[in-house]
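One letter stands for each residue in the lines below.
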Amino acid sequence: MSEVEVEESIMSYLSQSEADPNTKDLNVVAMLHNFWEQRQSGQVNGSSSEPDGRAESLLLYESAPSPAPPHVCYVTLPGGSCFGNYKVCDTLAEARRDAARVALMNSLVNELPCRRIDAQFIAHSLQQAAADSAVSVEEARDSSTSIGAYSVLLHSHLGKTMLQFQYYNLVKFNFSKTTLKESTKRLKG
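Okay, so let's go over this structure. Throughout this description, residue numbers start from 1 for each chain and increase along the sequence as written. Note on the predicted model: pLDDT of at least 70 is required for a residue's local features to be given, and 80 or more for side-chain atom pairs to be given and counted; whole-chain, interface and lining totals, by contrast, use all residues. Note that the side-chain values use all heavy atoms of the structure and ignore hydrogens as well as water.

## Some points on the overall build of the chain
And step 1. Helices and strands together make up the secondary structure of the chain, namely 7 helices and 3 strands.
And step 2. Evaluated residue by residue, the chain yields a buried proportion of 30% over its 189 residues.
And step 3. A separation of at least 24 residues holds for 44% of the contacts in the chain among residues at least 6 apart in sequence.
And step 4. Accessible surface is estimated by sampling points in the Shrake-Rupley manner with a 1.4 Å probe; for residues, cover comes only from the protein chains shown. When the accessible surface of the chain is split by element, carbon and sulfur atoms take 56% of a total near 12,000 Å². What counts as a helix is a DSSP run of H or I of at least four residues, what counts as a strand is a run of E of at least two, and both are numbered from the N terminus. For every residue, the accessible area obtained with a 1.4 Å probe (protein chains only) is divided by the maximum for its type, and the residue is called buried under 20%, exposed over 50%, and partly exposed between those limits. Here, two residues are considered to be in contact whenever any of their heavy atoms come within 4.5 Å of each other.

This is how it looks when you write it as structure tokens:
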């Protein structure tokens, strides 16, 4: 079975209802752990980062305190993506499993080749941005224009996933926002 067929099979299985008796034996927490352990060792799609890193220290499970159901659990993945349980869960263990299921589905989808930024994606995105902004796509060659800055940003993320691109922009936005707040305080103070 090819890697794509395995991923499609897992996605199909994960998308089934947890009430389905066939999914009761599926250990999604272990599958998520294994996925990220393999990814950290560079075995998934040839990606490699921190080969000495340990997956268990990279996945962080957190739960909201609750004396009674429904229980809520979040799992934070390497890179900062955070996923919570989707279903109403009667136990914390069930909430953890559901959060892991959601995170695993998103992790697998993010690894698909169609989620990677490539030259075709960049060309299409620039054409769409030019049409939406009523500017010429040729302006993308000039980095001093807004579409040119967008082009530079997309090209700097060539080969990366959309999730990595979105995370980078979120971190940059939060850093810029924090810097702006600090500058404003200094100016006022």
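## Some remarks on the sheet that holds strand β1 (residues 60-63)
And step 1. Ordered by their spatial adjacency, 3 strands build an open sheet running β1-β2-β3, and the pairing between neighbours is antiparallel. The sheet terminates laterally at β1 and β3 (82-84), the two strands that pair on one side only. Between one strand axis and the next, the sheet turns by 20° as a mean value, whatever way the strands run.
And step 2. Being paired, for any two strands, means DSSP has found at least two bridges between them. Bridging between β1 and strand β2 (residues 73-76) involves 4 bridges; their strand directions are antiparallel. If you follow tyrosine 61 over to β2, its bridge partner there is valine 75. Comment: axis = line fitted to C-alpha atoms, over the contacting stretch for helices; angle = value between 0 and 180 degrees taken between N-to-C directions.

## Side note on the pairing of β2
And step 1. Here β2 runs beside β3; their pairing, made up of 3 bridges, is antiparallel. Residue pairing in the sheet places valine 75 in a bridge with phenylalanine 83 of β3.
And step 2. The antiparallel hairpin formed by β2 and β3 contains 5 residues in its connecting segment, where glycine 79 sits at a positive phi of about 95°.

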